[in-house]
Amino acid sequence: LSMILTGSLVVGKIEGWTAIDSIYWCISTGTSVGYGDFAPETDEMRWFCVFFIPLSVGVISAALGKVANVFVEREISKTNEKLLKSELTVEDLERMNVDGDGEVSLLEFVEFMLKSMSKVDQKMLDELHDQFYRLDADGSGALQEDDLVLLAEEKLNEQRKIALERFEKKKLGIG
């Protein structure tokens, strides 16, 4: 709103337009409609437009985007609420049972629901699974303090190996 009012004051002063014409021009230009019925005629106004138009289009687009986002978020909330309250069917259980063992684990249920709500996609879940397996240094299927100790030891051993290789190269005059 302040962008439109400020622009209107400047435009009205430079071009000598009425307040209504100036506001109309700022709104139609800032929303990138620009009917062409009002156009800058002075060099001063053209220079003002070089800066004002991109700035106003950006500001007004961002503001309209925020307004649209309110409606989109409201619809997403309604859909998620409906999903959480819906009855579970046999078909749902079959789709949730990723490992095919005939039962749905907590992990399978939560992942299915998060994907259904568009909170995550399969790629993100796969990346999280990969991260878990990298952190599960002992391969137990659970993360414990021992995993962190093993990872720290592996990292320290790798750093020692690199330092030793550098030392040997330097000693031999290679590097």
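Residues numbered from 1 in each chain as written. Predicted model: local features only at pLDDT ≥ 70, side-chain atom pairs only at ≥ 80, totals over all residues. Heavy atoms only, no water.

The next thing to look at is the packing of helix α1 (residues 2-15) against helix α3 (residues 43-85). Between α1 and α3, the least distance of the axes is 11 Å, while the angle of their chain directions is 165°. Regarding the angle of α1 to α3, the classification is roughly antiparallel. Every pair of crossing elements has a handedness; the one defined by α1 and α3 is left-handed. Across the interface between the two elements, Met3, Ile4, Gly7, Val10, Val11, Ile14 and Glu15 from α1 touch Glu44, Met45, Phe48, Phe52, Leu55, Ser56, Val59 and Ile60 from α3. Split into classes, the residues belonging to the contact of α1 with α3 amount to eleven nonpolar, two polar and two charged. (Axes fitted to C-alpha atoms, helices over the stretch in contact; angles between N-to-C directions. Helix = DSSP H or I, 4+ residues; strand = E, 2+ residues; numbered from the N terminus. Parallel < 35°, antiparallel > 145°, perpendicular 65-115°, else oblique. Left-handed = near helix turned anticlockwise from the far one by under 90°. Contact = heavy atoms within 4.5 Å. Nonpolar A, V, L, I, M, F, W, Y, C, P; charged D, E, K, R; others polar.)

It is at 8 Å that the axes of α1 and helix α2 (residues 19-30) come closest, and there the two elements cross at 125°. In terms of orientation, α1 lies oblique with respect to α2. Here α1 and α2 pass one another in a crossing that is right-handed. Every residue of α2 that contacts α1 at Ile4, Gly7, Ser8, Val11 and Gly12 is listed here: Ser22, Ile23, Trp25, Cys26 and Ile27.

Let us look at the pattern of salt bridges. For the coordinates displayed, the defined rule picks out five salt bridges. Between Lys78 and Glu75 there is a salt bridge whose closest N-O contact spans 3.5 Å. With a gap of three residues between them, Lys78 and Glu75 both fall in helix α3, about one helical turn apart. Residue classification places Lys78 among the partly exposed residues on the basis of a relative accessible area of 48%. Glu81 serves as the salt-bridge partner of Lys85, at 3.2 Å between the closest nitrogen and oxygen. Here Lys85 and its partner Glu81 are both found in helix α3, four residues apart, which amounts to about one turn of the helix. Lys85 gets classed as exposed once you look at its relative accessible area, which sits at 61%. For Glu81, a relative accessible area of 44% gives the class partly exposed. (Salt bridge = Lys/Arg side-chain N within 4 Å of Asp/Glu carboxyl O. Buried < 20%, exposed > 50% of the residue type's maximum accessible area, 1.4 Å probe, protein only.)

If pLDDT is low for a region, its predicted coordinates should not be looked at in detail. Taken over all residues, the pLDDT of the protein chain has a mean of 90, while the share at 70 or more is 99%. When mean pLDDT is compared element by element in the protein chain, helix α6 (residues 122-135) scores highest at 95, while α1 scores lowest at 89. (pLDDT = per-residue confidence, 0-100.)

What follows is about the nonpolar core. Counting ten residues, the largest nonpolar core consists of Met3, Ile4, Val11, Trp17, Trp25, Cys26, Met45, Cys49, Phe52 and Ile60. Breaking this core down by element, the ones donating at least two residues are α1, α2 and α3. A total of four residues in this core trace back to one element, the largest contributor, which is α3. Apart from the residues lying within four places of it in its own chain, the contact partners of Phe52 are Met3, Gly7, Trp25 and Cys26. (Core = buried A, V, L, I, M, F, W, Y, C linked by side-chain atoms within 4.5 Å.)

Its volume calculated, the largest pocket comes out at about 180 Å³. Along its surface, the largest pocket is lined by Arg95, Met96, Val98, Asp99, Leu107, Glu108, Glu111, Phe112, Lys115, Gln122, Asp126 and His129. For the lining of the largest pocket, the elements supplying multiple residues, two or more each, are α4 (90-96), α5 (106-116) and α6. Here the residues of the lining of the largest pocket are counted per class, giving four nonpolar, two polar and six charged. (1 Å grid on protein atoms, 1.4 Å probe; cavity = no way out; pocket = protein on both sides within 12 Å on 5 of 7 lines; lining within 4 Å. Points joined across faces, edges and corners; volume = space filled by probe spheres on them.)

Another aspect to go through is the state of the cysteines. Enumeration over the complete set of coordinates arrives at zero disulfides. Between Cys26, a cysteine without a disulfide, and Cys49, which holds the nearest cysteine sulfur, the sulfur-to-sulfur distance is 8.7 Å. With a relative accessible area of 1%, Cys26 lands in the buried category. Cys49 sits in the buried class, given a relative accessible area of 7%. (Disulfide = S-S within 2.5 Å.)

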